[in-house]
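Residue-level listing of the chains:
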Amino acid sequence: MAEGLSGRQPKAVQSALAVLECVARLGAGVTAKEVASALELPPATAYRLLNLLVGEEYRVRLPDLRGFALGRKVAGLAGAIAPVRVPTAAREVLAELRREVRAGVHLVLYTATTLRLANMDQDLPLHDPALVERHLHATAAGRLLLAEQPEWRDLLPPSRLTRFTPATVTRPDQLDACLAEVRAVGWAAQTGELHDGVGCVVAPVRSAGELVAGVVVSARADVRELPARVRACTPVLAGLLA
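Residues numbered from 1 in each chain as written. Predicted model: local features only at pLDDT ≥ 70, side-chain atom pairs only at ≥ 80, totals over all residues. Heavy atoms only, no water.

## Focus: the overall build of the protein
Phase 1: Broken down by element type, the protein carries 9 helices and 7 strands.
Phase 2: By the burial criterion, 42% of the 242 residues in the protein qualify as buried.
Phase 3: Accessible surface for the protein amounts to roughly 13300 Å². Of this, 55% is attributable to carbon and sulfur atoms. (Helix = DSSP H or I, 4+ residues; strand = E, 2+ residues; numbered from the N terminus. Buried < 20%, exposed > 50% of the residue type's maximum accessible area, 1.4 Å probe, protein only. Areas by Shrake-Rupley, 256 points an atom, 1.4 Å probe, with all protein chains shown as cover.)

## Regarding the packing of helix α2 (residues 32-39) against helix α3 (residues 43-55)
Phase 1: Where α2 contacts α3, the axes come no closer than 8 Å and their chain directions differ by 115°. By crossing handedness, the relation of α2 to α3 is classed as right-handed. Taking contact as the criterion, the partners of A32, V35 and A36 in α2 are, on α3, P43, A46, Y47 and L50.
Phase 2: Grouping the constituent residues of the contact of α2 with α3 by class yields 7 nonpolar, no polar and no charged. (Axes fitted to C-alpha atoms, helices over the stretch in contact; angles between N-to-C directions. Left-handed = near helix turned anticlockwise from the far one by under 90°. Contact = heavy atoms within 4.5 Å. Nonpolar A, V, L, I, M, F, W, Y, C, P; charged D, E, K, R; others polar.)

## What about the pattern of salt bridges?
Phase 1: Inspection of every chain in the model, using the stated rule, returns 9 salt bridges.
Phase 2: Close ionic contact of E193 with R143 constitutes a salt bridge, the shortest N to O distance being 2.4 Å. Taken together, the residues E193 in the loop between β5 (188-191) and β6 (199-207) and R143 in helix α7 (residues 140-146) connect sequence positions 50 residues apart. Just as E193 is buried, R143 falls in that class too.
Phase 3: Each of the salt bridges in this network shares a partner with another, and the network as a whole consists of E151, R153 and D176. (Salt bridge = Lys/Arg side-chain N within 4 Å of Asp/Glu carboxyl O.)

## What to know about the side chain of T165
Phase 1: Of note, T165 is situated in the loop between α7 and α8 (172-185).
Phase 2: Separated by 2.5 Å, the side chain of T165 and the backbone oxygen of G192 make a polar contact.
Phase 3: Aside from chain neighbours lying at most four places away, what touches T165 is G192, E193, L194, H195 and D196. (Polar contact = N/O pair within 3.5 Å; in protein donor to acceptor, adjacent residues only side chain to side chain.)

## A closer look at the side chain of H106
Phase 1: One can find H106 in strand β3 (residues 104-110).
Phase 2: Residue class for H106 comes out buried when judged on its relative accessible area of 0%.
Phase 3: At 2.8 Å, the side chain of H106 forms a polar contact with the side chain of S218.
Phase 4: The contact partners of H106, leaving out residues within four places of it in the chain, are R98, L117, N119, M120, D121, L124, P125, L126, G214, V215, V216 and S218.

## Quick look at the nonpolar core
Phase 1: Counting residues in hydrophobic clusters, the biggest one holds 31 residues, and the most contacted among them are Y110, L146 and L175.
Phase 2: Elements that contribute at least two residues to this core include exactly β3, β4 (115-119), α6 (129-134), α7, α8, β6 and β7 (210-219).
Phase 3: It is α7 that contributes the most residues to this core, 5 residues altogether.
Phase 4: Excluding residues that lie within four positions of it along the chain, Y110 makes contacts with L115, A141, L144, L145, V202, L211, V212, A213 and G214. (Core = buried A, V, L, I, M, F, W, Y, C linked by side-chain atoms within 4.5 Å.)

## Regarding the environment of Q190
Phase 1: The residue Q190 is located in strand β5 in this model.
Phase 2: Relative accessible area serves as the criterion here: at 6%, Q190 is assigned to the buried category.
Phase 3: On a C-alpha basis, the gap between Q190 and C200 in space is 5.7 Å, while along the polypeptide they are 10 residues apart.
Phase 4: A polar contact of 3.5 Å, which involves the side chain of Q190, links it to the backbone nitrogen of G192.

## As for unusual backbone geometry
Phase 1: You will see that E40, though not glycine, has its phi angle at about 55°, which is positive.
Phase 2: Position of E40 relative to the elements: it lies in the loop between α2 and α3.

## Observations regarding the pairing of β5
Side-chain positions along a regular strand alternate between the two faces of the sheet.
Phase 1: Residues A188 and Q190 of β5 are buried on one face, while the alternating residues A189 and T191, pointing to the opposite face, are not.
Phase 2: Of the pairings in the sheet, the one linking β5 to β6 comprises 4 bridges and is antiparallel in character. Among the inter-strand pairings, Q190 is bridged to a residue of β6, identified as C200. (Pairing = 2+ DSSP bridges.)

## Let's talk about the pairing of β3
Phase 1: Within β3, 6 of the 7 residues are buried, leaving the element largely enclosed by the surrounding structure.
Phase 2: Relative to β7, β3 is paired through 6 bridges, and the arrangement is antiparallel. Bridging from a neighbouring strand, G104 pairs with S218 of β7.
Phase 3: Between β3 and β4, which follow one another and run antiparallel, lie 4 residues.

So, in structure tokens, the structure goes:
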């Protein structure tokens, strides 16, 4: 059993959170000296806490080494709680696509580290949207995000490769192969790994080369091909979602 917090640890956690809030308030480029002054902390303490937050990717050191800024994990947390808004014009594109594609059509939005279901097909809904958002290895939408990472294990430790069906990829070497294929073809697909007999494929929506969204097509069938109509709509959505 893990040991409980010692008497000093809650204070250390509070100090780290205060540093996190201070950098967010003062903005990118804030220095350790400025953080120490704002929080009335000893400079050595402020610098130690900033380095700890950098190591955990809640802070980044700017390229010129003159200050700090928010890290990718903060962006991921913000993306997880921010309200999802899809422009009316984008919803209209999805509605037209649903009339043409004989399967469920859904929209996911991406941050650097997370995905969120932003618009689900109400006539052919996903079985469990929360599973899609949490278990990135077993869904096409999740693999598209993992394929963007220089090292997917930083985002998804191998210990979290949960098995849902006999077809679920749970070995790191298998997932490496799947992600290499995603990078090669530019889109992702899977069948029967999250739910038996259900497959999905996702087309990336990119703005200035950055993955911002994905159009997911799901069906109670073996899904291995990306419909041309889905691929064709992604540039339109990119302009609407950027």
